[in-house]
Amino acid sequence: SDGLAIDFLRDKIPVAILSTEVSPVVARRAEKLRIDVWHGLSDKASALEDLCEQRAILPERVVFIGNDVNDLGAMGVCGYSLAPKDAHPAVLAVVDHVLRTRGGEGVVRDFCESFLGM
């Protein structure tokens, strides 16, 4: 269900995956969905700032969805942060909105339905 949601999103706003892992599975999925993936990142906040600069987007206009402590820096850079309901407690304590879904259960679709009227 996230694939359809990403298609919906991609037609409206720029979409990218920021990952600390280098995963061929994630890279193939991003290619299939026609979205950028930045992987092998040690600092997602700096990567998000670089991405914003490259795309001429103000960081405060970025929505960031993350679930673990390595996402906290990027959450401090973006304008609005969300997390799945099973995210790390440190993430749940700082995000602007907790989604109804758990990671892997349609988080992007939940965001699209809740905020964008999908």
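Residues numbered from 1 in each chain as written. Predicted model: local features only at pLDDT ≥ 70, side-chain atom pairs only at ≥ 80, totals over all residues. Heavy atoms only, no water.

## Some remarks on the pattern of salt bridges
As a reminder, the rule being used: For this analysis, a salt bridge means a side-chain nitrogen from Lys or Arg found within 4 Å of a carboxyl oxygen belonging to Asp or Glu. For helices the rule is a DSSP run of H or I covering at least 4 residues; for strands it is a run of E covering at least 2, with both sets numbered from the N terminus onward. Summary of the burial criterion: residues with accessible area below 20% of their type's maximum are buried, those above 50% are exposed, and those between are partly exposed, where the area comes from a 1.4 Å probe applied to protein chains only.
Per the counting criterion, the structure on display carries seven salt bridges. Between arginine 55 and aspartate 36 there is a salt bridge, with its nearest N and O atoms 2.3 Å apart. Taken together, the positions of arginine 55 in helix α3 (residues 44-55) and aspartate 36 in strand β2 (residues 36-39) put the pair 19 residues apart, joining distant regions of the chain. Given a relative accessible area of 27%, arginine 55 falls into the partly exposed group. Its salt-bridge partner being glutamate 113, residue arginine 109 comes within 2.9 Å of it at the nearest N-O pair. Taken together, the residues arginine 109 and glutamate 113, both in helix α6 (residues 107-115) and four residues apart, mark about one turn of the helix. Residue classification places arginine 109 among the partly exposed positions, given a relative accessible area of 24%. The exposure class of glutamate 113 is partly exposed, given its relative accessible area of 36%. Salt bridges sharing partners connect three or more residues here, namely Arg100, Arg109, Asp110 and Glu113.

## Here we look at the nonpolar core
Nonpolar side chains in soluble globular proteins tend to be buried together. Applicable threshold: The set of buried Ala, Val, Leu, Ile, Met, Phe, Trp, Tyr and Cys residues whose side-chain atoms join them within 4.5 Å is what this entry labels a nonpolar core.
By size, the foremost hydrophobic cluster in this structure holds 18 residues, and its most contacted members are Leu18, Trp38, Leu48, Phe64 and Val91. Those elements that place two or more of their residues in this core are α3 and α4 (72-77). The element best represented in this core is α3, accounting for five residues. Listed in part, the 14 residues of the second largest apolar core include Ile6, Leu33, Leu99 and Phe111.

## So, a negative patch on the surface
Here is the rule: Like charges are joined within 9 Å and nonpolar side chains (Val, Leu, Ile, Met, Phe, Trp, Tyr) within 5 Å, but only among residues with over 30% relative accessible area and no salt bridge; these make up the patches. Accessible surface is estimated by sampling points in the Shrake-Rupley manner with a 1.4 Å probe; for residues, cover comes only from the protein chains shown. The charged-residue count follows a simple rule in which Lys and Arg add positive charge and Asp and Glu add negative charge, with His and chain termini not counted at all. In plain terms, the charge of a residue is placed at NZ if it is Lys, CZ if Arg, CG if Asp and CD if Glu.
Together, Asp43, Glu49, Asp50 and Glu53 make up a region of like negative charge exposed at the surface. Relative to the helices and strands, glutamate 53 is located in helix α3.

## So, the packing of helix α1 (residues 2-10) against α6
Here is the rule: Each axis is a line fitted through C-alpha atoms, taken for helices only over the stretch in contact, and angles between the N-to-C directions span 0 to 180 degrees. When an angle is under 35 degrees it counts as roughly parallel; over 145 it counts as roughly antiparallel; between 65 and 115 it counts as roughly perpendicular; any other value is oblique. Take the far helix as the reference: if the near one is turned anticlockwise from it by less than a right angle, the crossing is left-handed, and if turned clockwise, right-handed. Residue contacts are counted whenever heavy atoms from the two residues lie within 4.5 Å of one another. Charged means Asp, Glu, Lys or Arg here, nonpolar means Ala, Val, Leu, Ile, Met, Phe, Trp, Tyr, Cys or Pro, and polar covers whatever is left, Gly included.
It is the contact of α1 with α6, at a shortest axis distance of 7 Å, that shows an interaxial angle of 45 degrees. Relative to α6, the element α1 lies oblique. α6 is crossed by α1, and the crossing has left-handed handedness. Of the residues in α6, those in contact with Asp2, Leu4, Ala5, Ile6, Phe8 and Leu9 of α1 are Val107, Val108, Arg109, Phe111 and Cys112. Here the residues of the contact of α1 with α6 sort into nine nonpolar, no polar and two charged.

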